Amino acid sequence: MPELPEVETIVRQLNREIKNKTITDFSCSAPKMAVTHKLADFQRQIKGKKILNVKRRGKIILLELSGGLVLAIHLRLTGQLFVRKSTHPQDPFNRAIFQLGKNLELRFNDLRLFGQMWLYPKTQIENNFDKIQKLGPEPFDKTFILQNFKNILQHNRTKIKALLLDQSKISGLGNIYSDEVLFYAVIHPNTPANKISDEKIRKLYIGIKKILRDAIRAQGTSVDTYRDIRGEKGQYAVKLKIYRRTGKPCFRCGTKIARVKIGGRSAHFCPKCQKRIMNYE
DNA sequence: ACCTATGTTGGATC
DNA sequence: AGATCCAACATAGG
């Protein structure tokens, strides 16, 4: 499910709703999701811990707990975090429940079971957690300047679509927003990253920030299973220009939108506007 | 009914 | 280095 805007939405809402709550109990019906511990150990470690703060790095949610622990959560494709009153009916595909006192629960639901949780001491998260160590720059980090982005593109021959999806190059973009930013910047998804002109790099850089910011404002895109912590849809789906619009008219020129596979993922683009550079497929 | 697709990512293989 | 295929898994849609 979630890319940067969806994860950011969830993180902001969690801070509003469950900061300073204490995890009074934990249960989980999918042991593989809690990757760092056997279930009993995971439960023992997390029980009684207070949620001090919620952060995000890339698409990874980080709950800072008392006792110097951090609970890291990755929702992968279909994970959801819901905050529910205990009286609320059970959610479909619920895999884990963090009890927050008598009346409140943080529920981890996941249809496809790809989601993962890690529980580590804070120092280890910061210094040794490879999932975070490997991440590229945050699009909204002040140090992520145009020149920085330019360097990344100029040192990679890979197709720009694949580069944008590669979390070690730049973090936070997934299949939806990588398509959207390439449409915004009018770049064919198969263009080798190091063949993109300075002008287009600049446009892409601007587009990444603009589109992610707009999507966060709209509380994310619910084109499939994404929901926020109240179970509500994000509102950005109606603003999508290209993603999953195969065969529909391009908003710029009316040409039918095309779809190609790049690295096993679908890339949507306008074959007229986003012309591929000759000599490169 | 069968085939394909799905918001992720990590590993194997060429 | 980089591309491609496959793995985890469950469901929906053509």
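What you see is a predicted model; the values in this text were computed from it and never measured. Residue numbers run consecutively from 1 along every chain, following the written order of its sequence. Labels follow written order: the first chain is A, the first ligand is 1, and so on. The predicted nature of this model means local features are confined to residues of pLDDT at least 70 and side-chain atom pairs, given and counted, to a pLDDT of 80 or more, with totals for whole chains, interfaces and linings taken over all residues. The side-chain figures draw on all heavy atoms in the structure; neither hydrogens nor water molecules are used.

**Q** Quick question: what am I supposed to make of helix 5 (residues 146-154) here?
**A** Working note: α-helix, 3.6 residues per turn, so residues spaced by three or four point in the same direction. Buried, partly exposed and exposed residues are distinguished by accessible area as a fraction of the type maximum, computed with a 1.4 Å probe on protein chains only: under 20%, between the cut-offs, and over 50%, respectively. Strands are runs of DSSP state E lasting at least two residues, helices are runs of H or I lasting at least four, and both sets are numbered from the N terminus onward. Burial in helix 5 covers these residues: Phe149, Lys150, Ile152 and Leu153. Burial along helix 5 is one-sided: seen end-on, the buried residues are contained in an arc of 160°. This arc is taken over the directions from the axis of the helix to the C-beta atoms.

**Q** Before we go on, may I ask you to explain the environment of Leu135 in this structure?
**A** By the element assignment, Leu135 lies in the loop between helix 4 (130-133) and helix 5. C-alpha of Leu135 to C-alpha of Lys169: the two residues are 34 residues apart in sequence and 7.1 Å apart in space. Setting aside its immediate chain neighbours within four residues, Leu135 contacts Arg57, Gly58, Gln167, Ser168 and Ser171. Residue contacts follow a heavy-atom distance rule, with two residues in contact if any of their heavy atoms lie within 4.5 Å.

**Q** Where do I start with the protein's contact with DNA strand C in this structure?
**A** Around DNA strand C, the surrounding shell consists of Lys32, Phe93, Leu111, Arg112, Leu113, Phe114, Asn156, Arg157, Thr158 and Lys159. When the atoms of DNA strand C within 4 Å of the protein are grouped by moiety, sugar and phosphate amount to 55% of the total. N or O atoms closer than or at 3.5 Å make up a polar contact, with two conditions inside protein: a donor-capable atom paired with an acceptor-capable one, and, for residues adjacent in sequence, both atoms drawn from side chains. In the model, a phosphate oxygen of DNA strand C is placed 3.3 Å from a nitrogen or oxygen of the Arg157 main chain. Take Thr158: an N or O atom from its side chain is 2.4 Å from a phosphate oxygen of DNA strand C. Tallied by class, residues from the surface near DNA strand C come to four nonpolar, two polar and four charged. If even one non-hydrogen atom of a residue comes within 4 Å of a molecule or strand, that residue is called near it. Polar here means any residue other than Ala, Val, Leu, Ile, Met, Phe, Trp, Tyr, Cys and Pro, which are nonpolar, and Asp, Glu, Lys and Arg, which are charged; Gly is therefore polar.

**Q** Please explain the environment of Phe269 as it appears in this structure.
**A** Here Phe269 is to be found in strand 10 (residues 265-269). Contact partners of Phe269, with chain neighbours within four places excluded, come to His188, Pro189, Ile242, Ile257, Ala258, Arg259, Val260 and Gln274.

**Q** Just to check I follow, could you spell out the packing of aromatic side chains for this structure?
**A** Aromatic contacts are taken between Phe, Tyr and Trp rings whose centres are within 6.5 Å, Trp giving its six-membered ring; a plane angle under 30 degrees counts as stacked, one over 60 as edge-to-face, and the others as tilted. If you walk through the whole model with that rule in mind, you get eight aromatic pairs. Centre to centre, the rings of Tyr120 and Phe129 are 5.3 Å apart; their planes meet at 55°, and the pair counts as tilted. According to the relative accessible area criterion, Phe129 is buried, its value standing at 2%. Ring plane angle 40° and centroid distance 6.1 Å describe the contact between Phe149 and Tyr205, whose orientation is recorded as tilted. Of this pair, Phe149 sits in helix 5 while Tyr205 sits in helix 8 (residues 198-217), and the two are 56 residues apart along the sequence. Here Phe149 matches Tyr205 in class, with each residue buried. What links up through ring pairs into an aromatic cluster is the set Phe26, Phe42 and Phe98. Placement of a positive charge over a ring is assigned whenever Lys NZ or Arg CZ falls within 6 Å of the ring centre and within 35 degrees of the normal to the ring plane. Arg245 extends its terminal NZ or CZ atom over the ring of Phe251, reaching a point 4.0 Å from the ring centre. Seen from the ring of Phe183, Arg252 lies directly overhead, with NZ or CZ sitting 4.0 Å from the centre.

**Q** It is not clear to me how the protein's contact with DNA strand B should be interpreted in this structure. Could you clarify?
**A** DNA strand B sits among 25 residues. The nearest are Asp224, Thr225, Tyr226, Tyr243 and Ser266. Close to the protein, within 4 Å, the atoms of DNA strand B belong to sugar or phosphate groups at a rate of 58%. Taking Tyr243, its side chain carries an N or O atom lying 2.6 Å from a phosphate oxygen of DNA strand B. Residue assignment for the surface near DNA strand B shows that the elements contributing at least two residues are helix 7 (175-185), strand 9 (258-262) and strand 10. Its residues placed into classes, the surface near DNA strand B shows six nonpolar, seven polar and 12 charged.

**Q** Would you take a moment to explain the sheet that holds strand 3 (residues 60-65) for this structure?
**A** Strand pairing in a sheet relies on backbone hydrogen bonds, with the paired strands running either antiparallel or parallel. The criterion for strand pairing is that DSSP finds at least two bridges linking the strands in question. With antiparallel pairing, four strands are arranged side by side in an open sheet as 2-3-4-8. Two strands close off the open sheet at either side, each with one partner strand: strand 2 (51-57) and strand 8 (116-121). Ignoring which end each strand starts from, the neighbouring axes of this sheet average 20° apart. Pairing of strand 2 with strand 3, which is carried by six bridges, proceeds in the antiparallel orientation. Pairing of Arg56 across the sheet is with Ile61, part of strand 3. The angle between two axes is taken between their N-to-C directions and runs from 0 to 180 degrees, where each axis is a line fitted to C-alpha atoms and a helix contributes only its stretch in contact. Against the sheet, helix 1 (residues 4-18) makes contact with strand 2 and strand 3, and its axis sits at roughly 170° relative to strand 2, the strand it touches most. Across the sheet, helix 2 (residues 39-46) is in contact with strand 3, strand 4 (69-74) and strand 8; its angle to strand 8 comes to roughly 55°.

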